[in-house]
Amino acid sequence: MRPSLEPDGDVVKRGVPPVEPPVDRRTFLKGAGAATVAASLAGCNNPAAGGGGNNASDGGGGQIPSEPLRMATIAFTSGPASVFGAPMMRAARMIVEQINDNGGILGERTIEMDEFDENTEDVAQQYRRLATQENYDIILGYVSSANALTVGPIAEELEQPTIIWDTGTTELFDNAITDPQYVFRTCASSSTDAVGAALVLDNALSDVGTVAGVNQDYAYGRNNWDLFTRAIEAFGIDVEVVASRFTPFPNEDFSSTIAALNDSAPDFIFSSLWGGDLVNFITQANDRNLFANTLPCFSGGTHVFADVPDQVPDGLLFGARGPHFPYGILGWNSLHEELYAYVHAVERAYNLNGEYPNSDAWATSMEGLGFDSASGFVDIPAGSHNAVEPSFWGFSDTGGQNISLRDPVWIAKEQVNPPVDKTTIEWLDSL
Amino acid sequence: MVAQVLSQQVPIVLNALFLASVLFLLGTGLSIIYGMLNFLNLAHAAFLILGAYVSATVITEVVSAVGGTVGGGVLLVVLLVGLLVVVPAIVSVVGLTMERTLFKPIYGLEDDYQLLATFGVILMMEDGMKFIWGGQPVSATRPSTLLGGVELFGSTFPLWTLFATGVTAVIAATLYYFFEETRLGKITLAMAENDEIVGVAGIDTRSVHLKVYVIGVGLAGLGGALYLPNASMTTGLSLQFVILAFAVLVIGGLGSLKGAIAAALLIGFVRSFGTYYVPQLALAIVFLLMAAVMLIKPTGLFGDIKA
């Protein structure tokens, strides 16, 4: 029998995260949502929704560039990581088309989108070429944490507006770019996943005594395990870590890793595996009965529900970064947040300043941006360049036509993300 | 105490044998094609991936067509026929088509040109497979599910991997018989020594060449068929298997069946035990083994080419 979650109701709450701001709208708009104030006053919430698109006469009245906005989108469209990249590109195309069908940014400026494969030998060279030789107005993308860490500092050096759309590593704004100006990330960091998992362990799973980890041996997997174990220590969770395994990425054979986990017999496994690695691990672990007495917790794996539904057993714990899971796959969620964040920031700056924003004005407008997206509220706190999102967990439920999350619980974004004046490690060490 | 050791070691040994089986099926094809036909086909590993993708389609279609109307035993038999016969046949046909159109023109070139050209073929095949099956992980484990698991010394182990190991052992024995006892096998070995003299003796060397090539490609396809029910496929895996296939080639020695068997077993055991006990070296350990063999015996364990 699968263990059940018994949330304390204070830190870990039953249900799904609210899609509306957690405070009443008026209070929210007075505070961090100043961007939404501007956007709402100007009536430029969602340009794709129809009727919301502005034209120059609605807002500041300044000249809107007549040439299309040049946007470069970068994601893995081949190789193992295309599990995220391919749907992201499709989502990007769809959203750009919607925006353009409504007249474009501010109802006037259409977007010209070019796609690039992240699967390249030299991501830094590719980024520099796009920024300096091809002069894109905005560069959106990156699935790989390692690639985000590579291009982030280059973007700042070149003063190139860039939005990271999917990578989770907390190193991006904790170490690689400590004083960001032009780089933003519109999804939550791995802190949401790893700290969220530790809080679920502490506040909803009382019977767990031993814990193990299986994570990919690169920036993302290492970062997740580090945060998870630091969170265990920070919250004083009474569990023993009996194994921590890092597997090559990508990896097709987990059999010996599973044998080692079976021998250490943990009650709980924290894993940030994703893509084909996650499918292989689940398949091979299930064949070897690893999950009979061990509850695995996959912090970023809900994409396998759609990719390989036949391989997902019932009753495994899955995490979904942010409130968006009930509204679509990760690729779609990451994309629409990112694209609309860019568009909203431009429109906000235009309506506040009366002129179409340059890179600096756009960056200023992005800070403190908040808006209702199709799948929940997107919140980039004032003073931060990183969106914060709640942590969301549930058991895989294979009973319906599609796999869903059963017995969902969630944790408020403030409890799984550091305050804007602290790095993730500083925050965890201070608890 | 003994039970505890067995419980710990037996799963690692069985994992090693399964991995060795897949590597043998992959590496043998590469080895006989290079050793006997003098064609260095870097793209050979992509036929294993192709076999796995085709297997996924075969499994999905068979289950969809008859899964609801026949019992589990019959379904398993149909699936096994599909995986053991149909999939290698399809991969062989694809391989044969590629041989006639892409590979034949480069047979006479130096090894380094063949390496570059066949590396390009890998990329073409990868993109082709992505075009057909998409970039998402492809998985179809029904044959393994139907066979179920077996309890061994307190550990559950999937019967499919034991079945795959058994099938590979039979194939290894058959290949040994083929090369040692059959006329075609002996001609093949003779061609490895000097195909011109074999041709002067009135033997159609091109025909033998094609047969050996088809056997090699079919074995890689079978490797994919036996591998898929245990794992998922995504594009990009060909390059990983290329490296492992060449490790078999280098460690075992060119064109040696015994070498391929020994190398596959060695790599399987080193990697399985290495991953269990020294996970930090999971990737490096195979190459350390390869480097050690090259230092001690540059021609590989059973190779006889002068270094």
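Cut-offs applied
Residues numbered from 1 in each chain as written. Chains lettered and ligands numbered in written order. Predicted model: local features only at pLDDT ≥ 70, side-chain atom pairs only at ≥ 80, totals over all residues. Heavy atoms only, no water. Helix = DSSP H or I, 4+ residues; strand = E, 2+ residues; numbered from the N terminus. Contact = heavy atoms within 4.5 Å. Expected span 1.5 Å × (residues − 1). Bend = angle between axes of the 7 residues up to and from the residue. Buried < 20%, exposed > 50% of the residue type's maximum accessible area, 1.4 Å probe, protein only. Salt bridge = Lys/Arg side-chain N within 4 Å of Asp/Glu carboxyl O. Domains from an automatic or database assignment. Buried area = accessible area lost by both parts, 1.4 Å probe. Patch = residues over 30% accessible without salt bridge, like charges linked within 9 Å, V, L, I, M, F, W, Y side chains within 5 Å. Areas by Shrake-Rupley, 256 points an atom, 1.4 Å probe, with all protein chains shown as cover. Polar contact = N/O pair within 3.5 Å; in protein donor to acceptor, adjacent residues only side chain to side chain. Nonpolar A, V, L, I, M, F, W, Y, C, P; charged D, E, K, R; others polar.

### A few points about the environment of Leu257(B)
Residues and elements named next belong to chain B.
1) Next: Within the fold, Leu257 resides in helix H10 (residues 257-277).
2) Next: When the C-alpha atoms of Leu257 and Phe302 are compared, they prove to be 8.6 Å apart, with 45 residues separating the residues in sequence.
3) Next: If we skip the residues at most four places from it in the chain, Leu257 touches Phe24, Thr28, Ala172, Leu175, Tyr176 and Phe179.

### Structural notes on helix H7 (residues 183-200) of chain B
A turn of α-helix holds 3.6 residues, and therefore any two residues three or four places apart point the same way.
Residues and elements named next belong to chain B.
1) Next: Counted at 1.5 Å a residue, the expected span for H7 with its 18 residues is 26 Å, but the 17 Å between its end C-alpha atoms falls short.
2) Next: Largest kink in H7: about 125 degrees, centred on Asn194.
3) Next: Listed in full, the buried residues belonging to H7 are Gly185, Ile187, Thr188, Met191 and Val198.
4) Next: Turning to H7, the residues buried within the fold contact helix H1 (2-37), helix H6 (159-181) and helix H8 (205-227).
5) Next: After H7 finishes, the residue Gly202 shows a positive phi value of roughly 95 degrees.

### Topic: the pattern of salt bridges
Residue and element names in this part refer to chain A.
1) Next: Counted according to the given criterion, the structure contains 14 salt bridges over all chains.
2) Next: With its nearest N and O atoms 3.1 Å apart, the salt bridge here joins Asp226 to Arg230. Highlighted residues: Asp226 and Arg230, both in helix H8 (residues 219-234), separated by four residues, approximately one helical turn.
3) Next: When its relative accessible area of 29% is taken as the criterion, Asp226 is described as partly exposed.
4) Next: The closest approach of N and O atoms between Lys413 and Asp379, which form a salt bridge, is 3.1 Å. Here Asp379 lies in strand S13 (residues 376-379) and Lys413 lies in helix H14 (residues 413-416), a separation of 34 residues in the sequence.
5) Next: A residue is classified by how much of its surface remains accessible, and Lys413, at 11% relative accessible area, is buried.
6) Next: Of the residues examined, Asp379 reaches a relative accessible area of 7% and is grouped as buried.

### Let's talk about unusual backbone geometry
Residue and element names in this part refer to chain A.
1) Next: Between Phe249 and the following residue, Pro250, the backbone shows a cis peptide bond with an omega angle of -5 degrees.
2) Next: Positive phi outside glycine occurs at Leu106, with the angle close to 60 degrees.
3) Next: Take Leu106: it is sitting in the loop between helix H3 (82-101) and strand S3 (111-117).
4) Next: Under the relative-accessibility criterion, Leu106 is labelled buried at 0%.

### Some thoughts on the domain arrangement of chain A
All names here are of chain A.
1) Next: Domain boundaries in chain A define domain 1 (32-186 + 329-374) and domain 2 (208-319 + 391-430).
2) Next: Facing 13 residues of domain 1, the contacting portion of domain 2 comprises 14 residues.
3) Next: Both sides of the domain 1 and domain 2 interface together cover about 1,100 Å² of buried area, and 71% of this is carbon and sulfur.
4) Next: Broken down residue by residue, the surface that domain 1 buries against domain 2 is led by Val83, Phe84 and Asp174, which jointly contribute 39%.
5) Next: Our count for the contact surface shared by domain 1 and domain 2 stands at zero salt bridges.

### Observations regarding a nonpolar patch on the surface
1) Next: A cluster of nonpolar side chains, namely Val77(B), Val81(B), Val85(B), Val86(B) and Ile90(B), defines an oily patch on the protein surface of about 390 Å² accessible area.
2) Next: As for its placement among the helices and strands, Val85(B) is situated in helix H3 (residues 72-103).

### Details of the interface of chain A and chain B
1) Next: Listed as interface residues are 34 residues of chain A and, on the opposing side, 35 residues of chain B.
2) Next: Both faces considered, chain A and chain B share a buried interface measuring about 2,700 Å² in area, 46% of it formed by carbon and sulfur atoms.
3) Next: Between Glu252(A) and Arg271(B) there is a salt bridge whose closest N-O contact spans 3.1 Å.
4) Next: Taken together, chain A and chain B are joined by 16 residue pairs in polar contact (both at pLDDT 80 or more).
5) Next: Looking at the side of chain A that touches chain B residue by residue, the class counts come to eleven nonpolar, 15 polar and eight charged.

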